[in-house]
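Inside the fold
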Amino acid sequence: MHFAKAEPEAKLLRKQAGAWLKGLRNRAGLSQVELADRLGLKYYTFISQVENGFGRVPTEAMEGWARALGETPSSFARKLLEFYDPELHRLLFEDKT
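Residues numbered from 1 in each chain as written. Predicted model: local features only at pLDDT ≥ 70, side-chain atom pairs only at ≥ 80, totals over all residues. Heavy atoms only, no water.

1. Points about the overall build of the protein chain
Note the following rule: Comment: elements are numbered from the N terminus, with helices defined as DSSP H or I runs of at least four residues and strands as E runs of at least two. For the radius of gyration, the atom set is restricted to C-alpha positions; the globular benchmark scales as 2.2 Å times the number of residues to the power 0.38. The buried label applies to any residue whose accessible area, calculated with a 1.4 Å probe on protein chains only, is under 20% of its type's maximum; exposed applies above 50%, and partly exposed to all values in between. We call two residues in contact when some of their heavy atoms are within 4.5 Å.
Scanning the protein chain from terminus to terminus reveals six helices and zero strands. Each helix (α) and strand (β) of the protein chain, taken in turn from the N terminus, gives the series α-α-α-α-α-α. Relative to the compact-globule value of 13 Å for 97 residues, the protein chain shows a C-alpha radius of gyration of 14 Å, a close match. Dimensions of the protein chain, computed from the C-alpha atoms along their principal axes, are close to 40 × 30 × 20 Å. By the burial criterion, 30% of the 97 residues in the protein chain qualify as buried. Pairs at least 24 residues apart make up 52% of the contacts formed inside the protein chain by residues separated by at least 6 positions.

2. Some details on the side chain of H89
The residue H89 is located in helix α6 (residues 86–93) in this model. Look at H89 and you get buried, because its relative accessible area is 6%. H89 has contacts with R78, L81, E82 and E94, leaving out every residue within four places of it along the chain.

Right, dumping it as structure tokens:
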């Protein structure tokens, strides 16, 4: 794999993940500030960064995010993995053997 070519795709996938997360937050009826409060974050700007594709939900925080957004942790993590590491997602969940 050539990393220089992968970087633009990774940025696009992070933006798509952010849009998906923003949709979940909106469906949950939460503002960025309210979600940050539920997650125990000092600043809501981290939510904004993630939603705009400039950050990622840390693995250790995925369960909290899922519960705050009304999602099951396993399906939430699986969907984020599809965006954040599509090759690993493919290996784990798209077995075609």
